[in-house]
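Coordinate analysis (summary)
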Amino acid sequence: TLDRYIRLSLSLGPDAPDLVVWPETALPFYYGFNRPLSDRVDQCIRQMNTAFLIGSPAFERPDAESGTAIRFFNRAYLLNRFSIETGRYDKQHLVPFGEYVPFGRYLTFLGKITAQAGDFTAGTEPLVPLSFRTGSTGVLICFEILFPSIAAEFVQNGAGFLTTLTNDAWFGRTPAARQHFSIAVLRAVENRRALIRAANTGISGFITPTGAVGRTTDLFTEAAITADLPVMKRNSVYTRTKD
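Counting its regular elements, the chain contains five helices and 10 strands. A total of 243 residues make up the chain; the buried ones form 46% of that total. For the chain, the share of sequence-separated contacts (at least 6 apart) that also reach a separation of at least 24 residues comes to 61%. On the chain, roughly 12500 Å² of surface is accessible, and the fraction owed to carbon and sulfur atoms is 53%.

Below, the structure is given as structure tokens:
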């Protein structure tokens, strides 16, 4: 998996884009903890000399005095051209019965529909855009693209465009993969912001602030695509008022 993402990124050539985006949980390891694999990611970033937004599982150990368990997160890291972390976002709206079991303490007889996903903890930080040299983006991870309020709050807080990272592998070739992509069009139009979508099995692509779908990838097809997108500042009526 890591070989594939590095190869596709390097295929963009010497004129690297301002931001390279990898999908949700693109890294099948804990970035920063597994040093040999993390070093390979860092080498790729430094070789391309540009910012990267990468999805990865993450964990935090509790304080010795707290007695709580280790917490796991579905995280997006923003790394600058020196492979230094300059921002992060932990997914806040987790998928019920996918990334956690609601009331799991009491409903112990219920399992998850995606057993490999793990039990994640929801992020709690304010919805602050992640900034790099030429812009700032609000990051919505997978399921979060369904919630208009999340995108609007990121834009209210200064996001010049939106990015959604997703793992759609479990949709297979069903219509759900295309439906999930189409929902991103609504978030772009509502907030008048360009949107980047990176999906591990597709559909990846670009959407303009008016909702026009630009270049996209096919399902289950390797590709590295680029686009020039506007970075907007003015807020729409919806961004200001929400529902």
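A few words on the sheet that holds strand β7 (residues 161-166). The strand order β5-β6-β7-β8-β9-β10 describes an open sheet built from six strands, whose pairing is mixed. Since the sheet does not close on itself, it has two edges, and those belong to β5 (130-132) and β10 (213-216), each with one partner. Adjacent strand axes in the sheet meet at a mean angle of 25° when their direction is disregarded. For strand β6 (residues 135-141) and β7, the ladder comprises five bridges, and the chain directions are parallel. Bridging from a neighbouring strand, leucine 140 pairs with threonine 164 of β7.

Bringing the packing of helix α3 (residues 148-156) against helix α4 (residues 175-191) into the picture now. Relative to each other, α3 and α4 sit at 40°, their axes nearing to 10 Å. Here α3 lies oblique to α4, going by the angle between them. The hand of the α3/α4 crossing is right-handed. Residues Pro148, Ala151, Ala152 and Val155 of α3 pack against Arg187, Glu190 and Asn191 of α4. Tallied by class, the residues present in the contact of α3 with α4 amount to four nonpolar, one polar and two charged.

Quick look at helix α2 (residues 35-48) now. Counted at 1.5 Å a residue, the expected span for α2 with its 14 residues is 20 Å, and the 20 Å between its end C-alpha atoms agrees. Burial in α2 covers these residues: Ser38, Val41, Asp42, Cys44, Ile45 and Met48. Angularly, the buried residues of α2 cover 155° about the axis, an arc narrow enough to put them on a single face. Opposite the buried face of α2, by more than 90 degrees, sit the exposed residues Pro36 and Gln47. Those residues of α2 that are buried lie in contact with α1 (2-10), β1 (19-21), β2 (51-60) and β3 (71-79). Once α2 ends, the next one or two residues include asparagine 49, with phi positive near 60°.

This part takes up the sheet that holds β2. If you trace the four strands from one edge of the open sheet to the other, you get β1-β2-β3-β4, paired in mixed fashion. The open sheet terminates on both sides in strands that have one partner only, identified here as β1 and β4 (85-90). Averaged over all neighbouring strand pairs, the angle between strand axes comes to 35°, with direction disregarded. Across three bridges, the pairing between β1 and β2 is parallel. Bridge assignment links leucine 19 to a residue of β2, and that residue is alanine 51. Each of β1, β2 and β3 touches α2; the most contacted strand, β2, lies at about 160° to it.

Conventions adopted
- Here the residue numbering is sequential within each chain, running from 1 through the sequence in written order.
- Where local features are concerned, this predicted model is filtered to residues with pLDDT of at least 70; where side-chain atom pairs are given and counted, the filter is 80 or more; whole-chain, interface and lining totals use all residues.
- Side-chain measures here rest on the full set of heavy atoms in the structure, leaving out hydrogens and waters.
- Helix and strand assignments come from DSSP, with helices taken as H or I runs of at least 4 residues and strands as E runs of at least 2, each series counted from the N terminus.
- Residue exposure (1.4 Å probe, protein chains only): buried if accessible area is under 20% of the type maximum, exposed if over 50%, otherwise partly exposed.
- Any two residues whose heavy atoms approach within 4.5 Å are treated as being in contact.
- Here the Shrake-Rupley method, with its probe set to 1.4 Å, supplies the accessible areas, and only the displayed protein chains count as covering residues.
- Strands qualify as paired when DSSP identifies two bridges or more between them.
- All axes here are fitted lines through C-alpha atoms, helices being fitted over the stretch that makes contact, and every angle between N-to-C directions spans 0 to 180 degrees.
- Working rule for angles: under 35 degrees goes down as roughly parallel, over 145 as roughly antiparallel, 65 to 115 as roughly perpendicular, anything else as oblique.
- In this scheme, a crossing is called left-handed if the near helix is turned counterclockwise away from the far one by less than a right angle; it is called right-handed if the turn is clockwise.
- Nonpolar residues are Ala, Val, Leu, Ile, Met, Phe, Trp, Tyr, Cys and Pro. Charged residues are Asp, Glu, Lys and Arg, and all others, Gly as well, are polar.
- The span you would expect from a helix comes to 1.5 Å times its residue count less one.
- Starting at the helix axis, one direction is taken to each C-beta atom, and the arc is that of these directions.

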